[in-house]
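# Summary of structural features
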Amino acid sequence: SGGLWLENARRANAMARLLADRLSGAPGVELTQPVETNAVFARLAPAAIERLQARFAFYTWDHQEHVVRWMTSFATTKAEVEAFAAAVREEASKG
């Protein structure tokens, strides 16, 4: 209770920063916003978005600009972030 919410928020935010770090500079991935919370916004090729959405649940933030929003939570693990980032890098590199 007391500080649990803050601890949970810090963890979620840290996992979002880790995801952004793992994807920064990746071919086919353009981070469109600074990571300030537990959300990562990125521009990908439409085909890459489609392939990733077949494997993972996430929201397309702007369909015209091909920007997606990835969210992390207090329960997101480093292993999950690493695996997701690897999948994004793989699919984005295909265009």
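Notes on the structure follow. Just so you know, these numbers come straight off a predicted model, no measurement behind them.

## Description of the nonpolar core
A general trend in soluble globular proteins is that nonpolar side chains are found buried together. Counting residues in hydrophobic clusters, the biggest one holds 22 residues, and the most contacted among them are Leu19, Leu23, Val29, Leu44, Val68, Trp70 and Val88. Beyond its immediate sequence surroundings of up to four residues, Leu44 is in contact with Gly28, Val29, Ile49, Leu52, His66, Val68, Trp70, Val88 and Ala92.

## Let's talk about helix α2 (residues 46–55)
Listed as buried for α2 are Ala48, Ile49 and Leu52. Along the long axis of α2, the arc covered by the buried residues comes to 100°, so they all point the same way. Those residues of α2 that are exposed and aimed more than 90 degrees away from the buried face are Glu50 and Ala54. For α2, the elements touching its buried residues are β3 (59–62), β4 (67–71) and α3 (78–93).

## Brief notes about α3
In this model α3 runs 22 Å from its N-terminal to its C-terminal C-alpha over 16 residues, within 8% of the 22 Å that 1.5 Å per residue would give. Residues Val81, Phe84, Ala85, Ala87, Val88, Glu91 and Ala92 constitute the buried set of α3. Down the axis of α3, the buried set is contained in an arc of 165°. They therefore lie on one face. Of the residues in α3, the exposed ones pointing more than 90 degrees away from the buried face are Ala79 and Ser93. Against the buried residues of α3 lie α1 (4–23), α2 and β4. Phi for Gly95, located one or two positions after α3, is positive at around 85°.

## Some points on the pairing of strand β2 (residues 39–43)
Counting buried positions over the five residues of β2 gives four, a clear majority of the element. Note: strand β1 (residues 30–31) against β2, two bridges, orientation antiparallel. Residue pairing in the sheet places Glu30 in a bridge with Arg43 of β2. Strand direction decides the pairing type here: β2 and β4, joined by five bridges, are antiparallel. Residue pairing across strands places Val40 opposite Trp70, the latter belonging to β4.

## Quick look at the environment of Arg22
If you trace the backbone, Arg22 turns up in helix α1. A relative accessible area of 32% places Arg22 in the partly exposed class. Other than its neighbours up to four places away in sequence, Arg22 contacts Lys78, Glu82, Ala85 and Arg89.

## A word on the pattern of salt bridges
Pairing between side chains becomes possible if they bear opposite charge and their charged atoms approach one another. Following the criterion strictly, the structure yields seven salt bridges and no others. A salt bridge links Lys94 to Glu90; the nearest nitrogen and oxygen atoms lie 3.7 Å apart. Connected through salt bridges with shared partners, the residues Arg51, Arg55, Glu90, Glu91 and Lys94 form a single ionic network.

The rules we used
- Residues numbered from 1 in each chain as written.
- Predicted model: local features only at pLDDT ≥ 70, side-chain atom pairs only at ≥ 80, totals over all residues.
- Heavy atoms only, no water.
- Core = buried A, V, L, I, M, F, W, Y, C linked by side-chain atoms within 4.5 Å.
- Buried < 20%, exposed > 50% of the residue type's maximum accessible area, 1.4 Å probe, protein only.
- Contact = heavy atoms within 4.5 Å.
- Helix = DSSP H or I, 4+ residues; strand = E, 2+ residues; numbered from the N terminus.
- Arc of directions from axis to C-beta.
- Expected span 1.5 Å × (residues − 1).
- Pairing = 2+ DSSP bridges.
- Salt bridge = Lys/Arg side-chain N within 4 Å of Asp/Glu carboxyl O.

Interpretation note: all reported values are geometric properties and have no functional meaning in isolation.
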